[in-house]
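Close look at the chain arrangement
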Amino acid sequence: MKLTIIGCTGSFPGPGSPASCYLVSAFDGEREWKILLDLGSGALGVLQRYTDLKDLDGIMITHLHPDHFMDLCGMHVAIRWDPNGWGRERMTVYGPGATEDRIGTAYGLAPTDPEGMHKDFDFRAWEPLTPVEIGPFRITPYPVRHPIEEAYALRVEATEPVADGTLMTSVLTYSGDTDACEGLNEAARDADMFLCEAAFEEGRDDAIEGVHLTGKRAGEAARDAGVHRLLLTHIPVWTGINQVVDEATEVYDGGIAVAVSGVTYGVWSGTRLGDPRDMPTAPVALVRPDPEQRVWPGRPRRAPGSRGSGR
């Protein structure tokens, strides 16, 4: 099983990466199968650098925040309006029960439209802890802790033939968005690779409960679940990459890396198999100037060390 990072910037697209989207591929002995884990804001364009859209076998949506599902709107256009025709079956989309309604609303379809997006998508709702199978993939959704009606971590298992003819199963767990919870730990149990969000920083975000993990909490989940490798992702532009890596390293002694758009990994081996194409890499943390030194229209620049009026 291979994992290609399409988008990995947290919460909204960053300067070097779209929002959340991960291309996963596996070989069943006859052909390569491809699925997406999320299809967030800005991901559809970059995705086409790495696969023909018609080669996708399904899209797995963890939850209905725009940075994880919004580019389904663009996928709808790609399927419906290709002048050469789509030429294959509808795209299978697994997600929360409200996925169909949310994407229809986002695109602006009339609620009374009898067809909606059914001509393009085969919508299927997750049932917690109930696995689904697509080709060599077995995907199990685990409810996790995030401020939305349904949010899931996904455990992706792929069984593939190896050189000697035997079958090997590799395991990738994707956290989606979550704070620490038992569901996350169960989804990640003994995974070969744990693709885990780390959007928050210790000390800065301590007052916010039930939204995101810090690097430390991601590392604790990796340690407690006994995963073999930790790949940190969903890092927003205002979160320090080195900060979350250092936090994770304090509590987890396995291999740790940070997701970069365009890199492909072997899930079982952990080996980096491909490099980004000609594009800025991500995540990219922005160094923001001191707000007191920024020049706004009608606001004079202050001398270094000077202070405002206090009002």
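Preceding this paragraph is the structure being described.
Residues numbered from 1 in each chain as written. Predicted model: local features only at pLDDT ≥ 70, side-chain atom pairs only at ≥ 80, totals over all residues. Heavy atoms only, no water.

Next up on the list: the environment of T249. Residue placement: T249 occurs in helix α7 (residues 241-251). Given the relative accessible area of 46%, T249 is considered partly exposed. Distance from T249 to E220, taken between C-alpha atoms, is 9.6 Å for residues 29 residues apart in sequence. (Helix = DSSP H or I, 4+ residues; strand = E, 2+ residues; numbered from the N terminus. Buried < 20%, exposed > 50% of the residue type's maximum accessible area, 1.4 Å probe, protein only.)

Let's shift gears to the sheet that holds strand β15 (residues 272-274). In space, the eight strands of this open sheet follow the order β6-β5-β4-β3-β2-β1-β14-β15, with mixed pairing throughout. Looking at strand neighbours, the two that pair on one side only are β6 (121-125) and β15, the edges of this open sheet. For strand β2 (residues 21-27) and strand β3 (residues 32-39), the ladder comprises seven bridges, and the chain directions are antiparallel. Residue pairing for β3: Y22 is matched across the bridge by L37. Strand contacts of helix α3 (residues 72-80): β3, β4 (59-60), β5 (91-95) and β6, with the helix running at about 145° to β6, the strand carrying the most contacts. (Pairing = 2+ DSSP bridges. Contact = heavy atoms within 4.5 Å. Axes fitted to C-alpha atoms, helices over the stretch in contact; angles between N-to-C directions.)

This next bit is on the pairing of strand β13 (residues 255-258). One ladder, built from four bridges, connects strand β12 (residues 229-233) with β13; its direction is parallel. Looking at β13, one finds that L232 is bridged to V258. For the handedness criterion, the β-α-β arrangement of β12, α7 and β13 is classed as right-handed. (Right-handed = clockwise from strand over helix to strand, strands pointing away.)

Before going further, it helps to examine the packing of α3 against helix α4 (residues 99-107). The contact between α3 and α4 brings their axes to 9 Å, and the two run at 80°. On the basis of the axis angle, α3 is roughly perpendicular to α4. Across from L72, C73, H76 and V77 in α3, the residues of α4 making contact are T99, I103, A106 and Y107. Residue composition of the contact of α3 with α4, grouped by class: six nonpolar, two polar and no charged. (Parallel < 35°, antiparallel > 145°, perpendicular 65-115°, else oblique. Nonpolar A, V, L, I, M, F, W, Y, C, P; charged D, E, K, R; others polar.)

Before going further, it helps to examine the sheet that holds strand β9 (residues 152-161). Sheet architecture is open: seven strands sit in the order β7-β8-β9-β10-β11-β12-β13, paired in mixed fashion. Here the strands that pair on one side only, and so sit at the sheet edges, are β7 (132-134) and β13. Neighbour-to-neighbour, the strand axes of this sheet turn through a mean angle of 20°, independent of strand direction. The pairing of β9 with strand β10 (residues 167-174) spans eight bridges and is antiparallel. When the bridges of β10 are listed, V156 appears paired with L172. Across the face of the sheet, helix α6 (residues 215-225) comes into contact with β11 (193-197) and β12 while running at roughly 155° to β11. Of the strands in this sheet, β12 and β13 touch α7, which is tilted by about 165° from β13.

This part is about the pairing of β9. Along β9, eight of the 10 residues are buried, which leaves the element largely enclosed by surrounding structure. Bridge count for strand β8 (residues 137-143) against β9 is seven bridges, and the pairing is antiparallel. Among the inter-strand pairings, F137 is bridged to a residue of β9, identified as A158. Hairpin geometry of β9 and β10 is characterised by an intervening segment of five residues between the two adjacent antiparallel strands and by a positive phi of about 90° at G165.

What follows concerns the nonpolar core. L3, L37, F137, I139 and L172 are the most contacted members of the largest nonpolar core, which totals 31 residues. Of all the elements, β9 adds the most residues to this core, at four residues. Every residue in contact with L172, bar those within four places of it in the chain, is listed here: M1, L3, V24, L37, L154, R155, V156, M193, L195 and V267. (Core = buried A, V, L, I, M, F, W, Y, C linked by side-chain atoms within 4.5 Å.)

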